[in-house]
Amino acid sequence: MASNDQKVTVSVEQYNPENSYDFTQFDCGVPHLNEFLTKKMIKECEAMVSRPYLLCFKSDDSKYVVKGYYTLGSHSLEKVELRGNTKRNCPYKSAPAIIIGKLAVCESVQGQGIGRRLLGDAIKTSHAASKAVGVYALVLHARKGTESFYEQAGWIRGNYDDSLFIYPLKQYENEMKKLYLSRL
């Protein structure tokens, strides 16, 4: 992709139609997620249904080569899906949420922490949005076989829907406070 003397930067950024992206090298091994990136993502973005975020590799002389992505959209989380303190702290029958509609990592970089980076970016972005508009949690529906990834990242399974994973944004805020206090 880049010669040895070229610097390659890696960034996660919201899709920008003005940038030149290279989707040709992207293959996550899941056909509908590959197709979404190349055929549906721009349409959903233009229709304001979801907002895509792309993890790109870029060298000095190349386009933004997409190696991972996720999408965010608005959602409503039913309180019956919550458990324990999370359920007790939710004052309504349903709570405003943000959903990660899609999350995929190119097979060529799987196992290198890209998925965790995308997930962390989605949490950080959602938390920032919650400061402007009330958002209780970030949610997603995990593909079969990926559940342990989300459990290890601190997500909570839904009470009834086995594929539903919930990340209360207060959890992120508490983790950031702990991190800040540990550095004092």
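Everything here concerns the structure above.
Residues numbered from 1 in each chain as written. Predicted model: local features only at pLDDT ≥ 70, side-chain atom pairs only at ≥ 80, totals over all residues. Heavy atoms only, no water.

(A) Main features of the nonpolar core. Ranked by size, the top nonpolar core spans 43 residues in total, and within it Leu54, Ile100, Leu138 and Trp155 carry the most contacts. Leave out the neighbours within four places in its chain, and Leu54 touches Ser11, Val12, Glu13, Tyr15, Tyr21, Phe23, Leu37, Met41, Val66, Gly68 and Tyr69. Residues Cys90, Ala137, Leu164 and Ile166 belong to the second largest nonpolar core, which totals eleven residues. (Core = buried A, V, L, I, M, F, W, Y, C linked by side-chain atoms within 4.5 Å. Buried < 20%, exposed > 50% of the residue type's maximum accessible area, 1.4 Å probe, protein only. Contact = heavy atoms within 4.5 Å.)

(B) Looking closely at the layout of surface pockets. Roughly 350 Å³ of internal volume is contained in the largest pocket. Every residue lining the largest pocket is counted, 19 residues in all, and those nearest its centre are Leu103, Val105, Gln110, Arg143 and Thr146. The set of elements that each furnish at least two residues to the lining of the largest pocket consists of strand E5 (94–105), helix H3 (114–132) and helix H4 (147–152). Class assignment for the residues of the lining of the largest pocket results in ten nonpolar, seven polar and two charged. (1 Å grid on protein atoms, 1.4 Å probe; cavity = no way out; pocket = protein on both sides within 12 Å on 5 of 7 lines; lining within 4 Å. Points joined across faces, edges and corners; volume = space filled by probe spheres on them. Helix = DSSP H or I, 4+ residues; strand = E, 2+ residues; numbered from the N terminus. Nonpolar A, V, L, I, M, F, W, Y, C, P; charged D, E, K, R; others polar.)

(C) Representation of unusual backbone geometry in the model. A positive phi angle is found at Met48, which is not glycine, with a value near 60°. Considering the arrangement of structural elements, one finds Met48 in the loop between helix H1 (31–46) and strand E3 (51–59). Classification of Met48 by relative accessible area gives exposed; the value is 65%.

(D) H1, seen in detail. Taking 1.5 Å of rise per residue, the 16 residues of H1 would be expected to cover 22 Å, and the 22 Å separating its terminal C-alpha atoms lies within 8% of that figure. Bending of H1 peaks at approximately 60° at the position of Lys40. For H1, the elements touching its buried residues are E3, strand E4 (64–78) and E5. (Expected span 1.5 Å × (residues − 1). Bend = angle between axes of the 7 residues up to and from the residue.)

(E) Up close: the pattern of salt bridges. This model, assessed by the stated rule, comprises four salt bridges. In this structure, Lys131 and Glu173 form a salt bridge, with 2.7 Å as the shortest nitrogen-oxygen distance. Separated by 42 residues along the polypeptide, Lys131 in helix H3 and Glu173 in helix H5 (residues 169–182) bring together distant segments of the chain. Residue classification places Lys131 among the exposed positions, given a relative accessible area of 57%. Glu151 serves as the salt-bridge partner of Arg157, at 2.7 Å between the closest nitrogen and oxygen. We classify Arg157 as partly exposed; its relative accessible area is 25%. Residues joined in a network through salt bridges with shared partners are Lys131, Lys170 and Glu173. (Salt bridge = Lys/Arg side-chain N within 4 Å of Asp/Glu carboxyl O.)

(F) Representation of the environment of Phe36. Mapped onto the fold, Phe36 is located in helix H1. Of the residues examined, Phe36 reaches a relative accessible area of 2% and is grouped as buried. Spatially, the C-alpha atom of Phe36 lies 22 Å from that of Phe165, the residues being 129 residues apart in sequence. Filtering out sequence-adjacent residues up to four positions away, Phe36 remains in contact with Met41, Glu44, Tyr69, Thr71 and Lys102.

(G) A look at H5. For H5, spanning 14 residues, the distance from its first C-alpha to its last is 20 Å, which sits close to the expected 20 Å at 1.5 Å a residue. On its buried side, H5 packs onto H3, strand E6 (137–141) and strand E8 (164–168).

(H) Representation of the side chain of Glu13. In this structure, Glu13 sits in strand E1 (residues 8–14). Lys58 is the oppositely charged side chain nearest to the buried, salt-bridge-free Glu13, at an N-O distance of 9.1 Å. Polar contacts involving the side chain of Glu13 include one to the side chain of Asn19, which spans 3.0 Å. The contact partners of Glu13, leaving out residues within four places of it in the chain, are Asn19, Tyr21, Pro52, Tyr53, Leu54 and Tyr64. (Lys, Arg positive; Asp, Glu negative; His and termini not counted. Polar contact = N/O pair within 3.5 Å; in protein donor to acceptor, adjacent residues only side chain to side chain.)

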